[in-house]
Amino acid sequence: METRKPHARKEDYRMRTHLIHGNFESKKWDYNHHVVPPISHSTAFRLTSLHRGAQGFVQFASADEALSGHMPIYIYDRLDEPTRSMLEENLAYAEGGDVCVTFASGMAAISTVLGVALRQGQEVLAHQILYGCTYSLMTNWLPRFGMQVRFGDFLKPEALAAQVTPATRVLYFETPVNPTMELIDIGEIRRLADQINAGREEKDRVLVVVDNTFATPYCQRPLKLGADIVAESLTKDIGGFGTDMGGAVIAPSAWYNHLMLFRKDFGGVLTPRSAWGILVYGLPTLATRMINQQKTAQRVAKFLSEHPKVERVAYPGAECFAQKALAHRQMVNPDGKFAPGGMLYFVLKESGSKPSRAEKLVDYLAEHAYTITLAVSLGQVKTLIEHPFSMTHSALPDEQKRAFGMHPEGVRLSIGLEDWHDIIGDLQIALERV
Ligand SMILES: *Cc1c(COP(=O)(O)O)cnc(C)c1O
């Protein structure tokens, strides 16, 4: 078979190019005549001999280093599968990690990280504002397995140290925080983890886990900034088109076997059909989509921040953003350019009426706007709006939401790829009506 002989190493090319061309050739699957990687859809794989089948079972998720890194032997979809494997190679590259394992959804990825990291009696220390389902997972399900969660303010790492107990094994957060768009300094949390770990044995070390869903690896690579593990949803900006669910964990090689075994036994595998879409549509267009969304988000943030009915705007790329220095340090694309992403949060001035002004605005837009759609989820071609207080974050108690900066007048906007004039036009008319 003729193989291509690239005249440069893949490391010599930029991420944007790499996400389109992948690894020149994949170790995971031998195909040579396609411009687009073919989709493989087979729940089981033909084995050429009993020996080869037996070898596959020995090699699968083996903790023996000598066995990893071999050409995979595919046996059954839930164990491993080539379309998904190619996506995993590219995601590991994008996040700058050793290995990636994908899952059926972001929540399957997050629950796997906690399932692998924690034993009975151990604890996760999490930021006080989290994606609603992550909060529910930690407060409703972990305790049933004898694991506890504590919450703290990750914006104040000095005070956070007091929340750490001998049982703490995971420091968990999102940055930007969903939905308030506050940033948590990944390097600062790394320093805290290092202080804690200085007095601990290897097996008792705390791990820094970052949910990178909002930023995507195009805008922020937490592993380079000191995180141990990245968990993220592929359903949002990475998939990018709003057609498929998925999740991913990017981790050091030592984690690979545990992640694969957990996925095999709990069963949250990403279907090859979805993996293929994310591989051939999502990742190759990620940079282009994020660049466009950012440009629009900058303009929308400026428009909103100057509007008399808007109390404040939280967008890392806005002039008025409170954590500007951190934003410029932490949210950069792989070429070092500022990359504040396509998500923004704004709080309207209280009108004192019921329903709140935010609820009225969202309802008005839902009924009358062409460019803005009322829906949860984010990171799609279409601009989406929602009211976190009553929708995505309803799992958090009201007092907790208020105490931690989530406001009943707050609105979350996920910028899409429409012409920015039209998005601002629709917002302008809606704001006049509330
Ligand atoms: C959507 C989301 C998740 C969960 O991802 P799913 O693919 O919906 O399971 C986790 N974290 C954040 C920040 C999210 O926005």
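This is a predicted model, so every value here is computed, not measured.

Peer 1: Can you lay out the domain arrangement of the protein for me, pointing to particular residues and giving the numbers?
Peer 2: Parsing the protein into structural domains produces domain 1 (10-281) and domain 2 (291-433). On a C-alpha basis, the centres of domain 1 and domain 2 stand 28 Å from each other. The largest contributions to the domain 1 side of the interface with domain 2 come from Met 181, Leu 183 and Tyr 218, which together make up 21% of the buried area. Connecting domain 1 to domain 2 are two salt bridges. The shortest N-O distance in the salt bridge between Asp 335 and Arg 14 comes to 3.5 Å. The interface formed by domain 1 and domain 2 includes 13 residue pairs in polar contact (both at pLDDT 80 or more). Secondary structure elements with two or more residues in the side of domain 1 that touches domain 2: helix H1 (15-21), helix H5 (132-141), helix H7 (186-198) and helix H8 (216-219). A per-class count over the side of domain 1 that touches domain 2 returns 18 nonpolar, ten polar and seven charged.

Peer 1: If you had to explain a nonpolar patch on the surface to someone new, which residues and values would you point to?
Peer 2: Together, Phe 241, Tyr 281, Val 381 and Leu 417 make up an exposed nonpolar region whose accessible area comes to about 330 Å². Along the polypeptide, Leu 417 turns up in the loop between strand E12 (410-414) and helix H15 (420-432). Among the residues examined, Leu 417 registers a relative accessible area of 36% and is labelled partly exposed.

Peer 1: Run through the sheet that holds strand E6 (residues 229-233), naming residues and quoting values.
Peer 2: Across the sheet, which stays open at both edges, the seven strands sit in the order E1-E7-E6-E5-E4-E2-E3 with mixed pairing between neighbours. Each end of this open sheet is capped by a strand with a single partner; those strands are strand E1 (99-103) and strand E3 (148-152). In this sheet, adjacent strand axes meet at a mean angle of 20° when their direction is disregarded. Where strand E2 (residues 123-127) lies against strand E4 (residues 168-174), four bridges are found, and the strand directions are parallel. When the bridges of E4 are listed, Val 124 appears paired with Val 170. Docked against the sheet, helix H3 (residues 82-95) engages E1, E6 and strand E7 (247-251), running at close to 125° with respect to E1.

Peer 1: Run through the site of the ligand, naming residues and quoting values.
Peer 2: Near the ligand there are 15 residues, and of these Gly 106, Asp 211, Ser 233, Thr 235 and Lys 236 occur at the shortest range. Within the backbone of Gly 106, one N or O atom sits 2.8 Å away from an oxygen atom of the ligand. In the model, an oxygen atom of the ligand is placed 2.7 Å from a nitrogen or oxygen of the Ser 233 side chain. Burial of the ligand by the protein amounts to 95% of the accessible area it has alone, namely 380 Å². The element that contributes the greatest number of residues to the shell around the ligand is helix H4 (residues 106-117), accounting for three residues.

Peer 1: Account for the sheet that holds E12, naming residues and giving values.
Peer 2: As summarised here, the arrangement of the five strands in space is E8-E9-E12-E11-E10, forming an open sheet in which the pairing is mixed. Looking at strand neighbours, the two that pair on one side only are strand E8 (310-314) and strand E10 (372-374), the edges of this open sheet. Across the sheet, the mean angle separating the axes of adjacent strands is 25° when strand polarity is ignored. Note that E10 and strand E11 (residues 383-386) share three bridges and pair parallel. Within the sheet, the bridge partner assigned to Thr 373 lies in E11 and is Leu 384. Packed on one face of the sheet, H15 meets strand E9 (343-348), E10, E11 and E12 and runs near 60° to E10.

Peer 1: I'd like a description of unusual backbone geometry, backed by residues and values.
Peer 2: For the bond from Asn 178 to Pro 179, the omega torsion is 5°, close enough to zero to count as cis. Mapped onto the fold, Pro 179 is located in the loop between E4 and H7. Residue Pro 355 is bonded to the preceding Lys 354 through a cis peptide linkage, with omega at -5°. Its place among the elements puts Pro 355 in the loop between E9 and helix H13 (357-368).

Peer 1: Please provide a residue-by-residue account of the pattern of salt bridges, values included.
Peer 2: One pass over the full model with this rule turns up 20 salt bridges. For Arg 191, the salt bridge goes to Glu 188, with nearest N and O atoms at 3.2 Å. Pair noted here: Arg 191 and Glu 188 are both in helix H7, with a separation of three residues, about one helical turn. For Arg 191, a relative accessible area of 47% corresponds to the partly exposed category. Across the pair Lys 401 and Asp 398 runs a salt bridge whose closest N-O atoms are separated by 3.2 Å. Remark: Asp 398 and Lys 401 occur in helix H14 (residues 398-403); sequence separation between them is three residues, near one turn of the helix. On the accessibility criterion, Lys 401 (1% relative accessible area) is buried. Several salt bridges share partner residues, and in doing so they unite Arg 9, Glu 11 and Asp 12 into one network.

Cut-offs and rules
- Residues numbered from 1 in each chain as written.
- Predicted model: local features only at pLDDT ≥ 70, side-chain atom pairs only at ≥ 80, totals over all residues.
- Heavy atoms only, no water.
- Domains from an automatic or database assignment.
- Buried area = accessible area lost by both parts, 1.4 Å probe.
- Salt bridge = Lys/Arg side-chain N within 4 Å of Asp/Glu carboxyl O.
- Polar contact = N/O pair within 3.5 Å; in protein donor to acceptor, adjacent residues only side chain to side chain.
- Helix = DSSP H or I, 4+ residues; strand = E, 2+ residues; numbered from the N terminus.
- Nonpolar A, V, L, I, M, F, W, Y, C, P; charged D, E, K, R; others polar.
- Patch = residues over 30% accessible without salt bridge, like charges linked within 9 Å, V, L, I, M, F, W, Y side chains within 5 Å.
- Areas by Shrake-Rupley, 256 points an atom, 1.4 Å probe, with all protein chains shown as cover.
- Buried < 20%, exposed > 50% of the residue type's maximum accessible area, 1.4 Å probe, protein only.
- Pairing = 2+ DSSP bridges.
- Axes fitted to C-alpha atoms, helices over the stretch in contact; angles between N-to-C directions.
- Contact = heavy atoms within 4.5 Å.
- Near = heavy atom within 4 Å.

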